[in-house]
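Structural description and commentary
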Amino acid sequence: MAQTPQQRKANEKYAKSEAAKRGRGITTPRQKQSSKSPVSVGWVVLLAFVICGGLAFELLRIVPEIWSSAVSMFNRLAF
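What counts and what doesn't
Residues numbered from 1 in each chain as written. Predicted model: local features only at pLDDT ≥ 70, side-chain atom pairs only at ≥ 80, totals over all residues. Heavy atoms only, no water. UniProt positions renumbered as here; feature names shortened; annotations may be inferred. Salt bridge = Lys/Arg side-chain N within 4 Å of Asp/Glu carboxyl O. Helix = DSSP H or I, 4+ residues; strand = E, 2+ residues; numbered from the N terminus. Buried < 20%, exposed > 50% of the residue type's maximum accessible area, 1.4 Å probe, protein only. Polar contact = N/O pair within 3.5 Å; in protein donor to acceptor, adjacent residues only side chain to side chain. Expected span 1.5 Å × (residues − 1). Bend = angle between axes of the 7 residues up to and from the residue. Patch = residues over 30% accessible without salt bridge, like charges linked within 9 Å, V, L, I, M, F, W, Y side chains within 5 Å. Areas by Shrake-Rupley, 256 points an atom, 1.4 Å probe, with all protein chains shown as cover.

As recorded in an unreviewed UniProt entry, the protein goes by the name Stress-associated endoplasmic reticulum protein, listed as coming from Aspergillus steynii IBT 23096. Word for word, the UniProt comment on the protein under Sequence similarities (unreviewed entry) is "Belongs to the RAMP4 family." Regarding the protein, the UniProt comment filed under Function (unreviewed entry) reads as follows: "Interacts with target proteins during translocation into the lumen of the endoplasmic reticulum. Protects unfolded target proteins against degradation and facilitate correct glycosylation."

Attention now moves to the pattern of salt bridges. Overall, the coordinates contain 3 salt bridges when judged by the stated rule. Through salt bridges with shared partners, a single ionic network connects Glu-58, Arg-61 and Glu-65.

Take Ser-34: it is sitting in the loop between helix H1 (5–22) and helix H2 (41–78). Take Ser-34: its relative accessible area is 66%, and that puts it in the exposed class. Each C-alpha atom, one on Ser-34 and one on Ser-17, is 28 Å from the other, the two residues being 17 residues apart in sequence.

Residue placement: Gln-7 occurs in helix H1. Reaching out from Gln-7, the side chain makes a polar contact with the backbone nitrogen of Thr-4 at a distance of 3.0 Å.

The next point concerns H1. Along its 18 residues, H1 runs 26 Å from first to last C-alpha, staying within 8% of the 26 Å computed at 1.5 Å per residue. Phi for Gly-23, located one or two positions after H1, is positive at around 90°.

This part covers the UniProt feature "transmembrane region" (unreviewed entry) in the protein. When the UniProt feature table is mapped to this numbering, "transmembrane region" (unreviewed entry) covers residues 40–63. Taken end to end, residues 40–63 is 96% helix and 0% strand, and its two terminal C-alpha atoms sit 34 Å from one another.

Here we take up H2. With 38 residues, H2 extends 53 Å between its outermost C-alpha atoms, agreeing within 8% with the 56 Å of an ideal straight helix rising 1.5 Å per residue. Along H2, the largest kink reaches about 25° and is centred on Ile-62; proline Pro-64 follows within four residues of it.

This brings us to a nonpolar patch on the surface. A contiguous nonpolar surface patch, about 830 Å² in accessible area, is contributed by Val-39, Trp-43, Val-44, Leu-46, Leu-47, Phe-49, Val-50 and Ile-51. When you line up the elements, Ile-51 lands in helix H2.

Another point: the environment of Trp-67. Position of Trp-67 relative to the elements: it lies in helix H2. Taking the C-alpha atoms as reference, Trp-67 lies 44 Å from Pro-38; in sequence the two are 29 residues apart.

Structure representation (structure tokens):
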């Protein structure tokens, strides 16, 4: 079972007190390990491309239709 941060802190405190009783030096605490993401950067980029790329292609398909509708409405109103 993994230790909680509170247990880890208590264990380090106990180890220091026991080492002091034996006359040993103070133990150095472990460096915190950097947590790595379970998803690689490549997959995140691919997912962003699929979502944003699909949106961009859809806008490229819709914008000319909207533009032609707006121009035809303007032409009907102007003339």
